[in-house]
Amino acid sequence: MTNDPKLIAITSGKGGTGKSSISYGIGYTLAKQGNRTLIIELDFGLRCLDIMFGMEGTVKFDLGNVLKNNMQVLDAVSRVPGVSNLEILCAPKDPFMKVTAEQVVNICRGVRKYYDFIIIDTGAGISSHVFDIVEQANLILVVTTPDPICIRDATMMSDEFYQRGNKRQRLIINKVSEEVIKSKMIQNLDEIIDAVGIQLLGVIPDDMMLKEATGKGKKLPVEAPSLEAFDAISKRLTGEQVPLVIK
Ligand SMILES: Nc1ncnc2c1ncn2[C@@H]1O[C@H](COP(=O)(O)OP(=O)(O)O)[C@@H](O)[C@H]1O
Ligand SMILES: [Mg+2]
């Protein structure tokens, strides 16, 4: 599993950093670029991918069916309408349902030949449960915002991965606005990268259009500032050399 470059876990120490929004954005742009992409949502009880993709009420099955009823993963995934190559496997609605790292590995192993990328949107939290699952990925994307508390949590998380011998980590700094950078409260991007200590994969602007699109289940408009950032990140994930987009 670990030699396979396509299983990507999106994680963060703190909640609300934008893991699900980034899973949505990277999933969408990877698919638009022609990669067969599956997003698996592991934030149990805090299911939101269906809303983000405008599929609330139309998602028939979810990860719960795979775990509880032994349903085949490919039968449980939902196709995102209007986007070729993109499928999602939503989190179960039951917040108390448990999934082990082994189950996640088995699910991914079973379907990886059908996808170019499998993105795992994890729950927040520095718990051994999250670590066990995230560690199975080939690439860990640690998400932080420029907020000092969030940076510290991301640093703790990244350090823990390092201590466990996991060096396949990249940083995404989300919700970056000009005001945030200018304000004295907030560290600049170089300081954030130094603090967390992992290589930067991308910077995503604070983008009301992204918030609105995911909140209403609408397509991300082409002029949305975050779209360019997601597009660049996705290209970088496929090995293309793309300059960092920082606006
Ligand atoms: N780049 C961004 N610009 C503006 N709002 C964002 C951005 N990323 C996330 N958000 C908003 O932040 C909130 C938390 O995002 P979400 O993706 O649910 O985080 P998480 O999955 O880490 O809990 C949501 O209201 C979302 O719309
Ligand atoms: Mg989430």
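Structure: above.
Treat the numbers as computed from the prediction; the structure is a model and nothing was measured. (Residues numbered from 1 in each chain as written. Chains lettered and ligands numbered in written order. Predicted model: local features only at pLDDT ≥ 70, side-chain atom pairs only at ≥ 80, totals over all residues. Heavy atoms only, no water.)

Engineer: Tell me about the nonpolar core, and please be specific about residues and values.
Structural biologist: Counting 44 residues, the largest nonpolar core has L38, I40, L42, F44, L63, L89 and I118 as its most contacted members. Sequence-distant contacts of I40, defined by excluding residues within four places in its chain, comprise L89, I107, C108, I118, I119, I120 and D121. Within the second largest apolar cluster, 37 residues are counted, among which are I8, V59, I88 and V143. (Core = buried A, V, L, I, M, F, W, Y, C linked by side-chain atoms within 4.5 Å. Buried < 20%, exposed > 50% of the residue type's maximum accessible area, 1.4 Å probe, protein only. Contact = heavy atoms within 4.5 Å.)

Engineer: I'd like to hear about the site of ligand 1, residue by residue, with values.
Structural biologist: Close to ligand 1 lie 15 residues, the nearest being K19, S21, N174, D207 and K211. The separation between an oxygen atom of ligand 1 and a polar main-chain atom of T17 is 3.2 Å. Interatomic distance of 2.7 Å between a side-chain N/O atom of K19 and an oxygen atom of ligand 1. Taken by itself ligand 1 offers 560 Å² of open surface, and the protein chains cover 82% of this. Comparing atom positions with the cavity grids shows ligand 1 to sit within the largest pocket. If you list the elements that add at least two residues to the shell around ligand 1, you get helix 1 (19-32), strand 7 (169-176), strand 8 (200-205) and helix 10 (208-216). For the shell around ligand 1, the class distribution of residues is three nonpolar, seven polar and five charged. (Near = heavy atom within 4 Å. Polar contact = N/O pair within 3.5 Å; in protein donor to acceptor, adjacent residues only side chain to side chain. Areas by Shrake-Rupley, 256 points an atom, 1.4 Å probe, with all protein chains shown as cover. 1 Å grid on protein atoms, 1.4 Å probe; cavity = no way out; pocket = protein on both sides within 12 Å on 5 of 7 lines; lining within 4 Å. Sits in = over half its atoms within 2 Å of the grid points. Helix = DSSP H or I, 4+ residues; strand = E, 2+ residues; numbered from the N terminus. Nonpolar A, V, L, I, M, F, W, Y, C, P; charged D, E, K, R; others polar.)

Engineer: Can you break down the packing of helix 7 (residues 148-163) against helix 9 (residues 189-196) residue by residue, with the values?
Structural biologist: As a packed pair, helix 7 and helix 9 sit with axes 8 Å apart at the nearest point and diverge in direction by 35 degrees. Taken together, the residues of helix 9 that come into contact with helix 7 (itself represented by I151, A154, T155 and S158) are I192, A195 and V196. Each residue belonging to the contact of helix 7 with helix 9 can be placed in one class, and the counts come to five nonpolar, two polar and no charged. (Axes fitted to C-alpha atoms, helices over the stretch in contact; angles between N-to-C directions.)

Engineer: How would you sum up the state of the cysteines? Please name residues and give values.
Structural biologist: One pass over the structure, following the stated rule, counts zero disulfides. You can see C48 has no disulfide; the closest cysteine sulfur is in C90, sitting 8.5 Å from it. The exposure class assigned to C90 is buried, which follows from its relative accessible area of 1%. (Disulfide = S-S within 2.5 Å.)

Engineer: I'd love a proper account of helix 11 (residues 225-237), names of residues and values included.
Structural biologist: In an α-helix, one turn spans 3.6 residues, which is why side chains three or four residues apart end up on the same side. Relative to the 18 Å expected for 13 residues at 1.5 Å per residue, helix 11 spans 19 Å between its end C-alpha atoms, a close match to the ideal helical length. Looking at helix 11, one finds that the buried residues are S226, L227, A229, F230, A232, I233, S234, R236 and L237. Phi turns positive, to about 100 degrees, at G239, one or two residues after helix 11. (Expected span 1.5 Å × (residues − 1).)

Engineer: For the pairing of strand 4 (residues 86-89), give the residues involved together with the corresponding values.
Structural biologist: Burial of strand 4 is two-sided: the residues L86 and I88 facing one way and the residues E87 and L89 facing the other way are all buried. Relative to strand 4, strand 3 (residues 78-79) is paired through two bridges, and the arrangement is antiparallel. From the neighbouring strand, R79 faces strand 4, where its bridge partner is E87. As consecutive antiparallel partners, strand 3 and strand 4 are separated by six residues, and within that stretch G82 has a phi angle of approximately 80 degrees, a positive value. (Pairing = 2+ DSSP bridges.)

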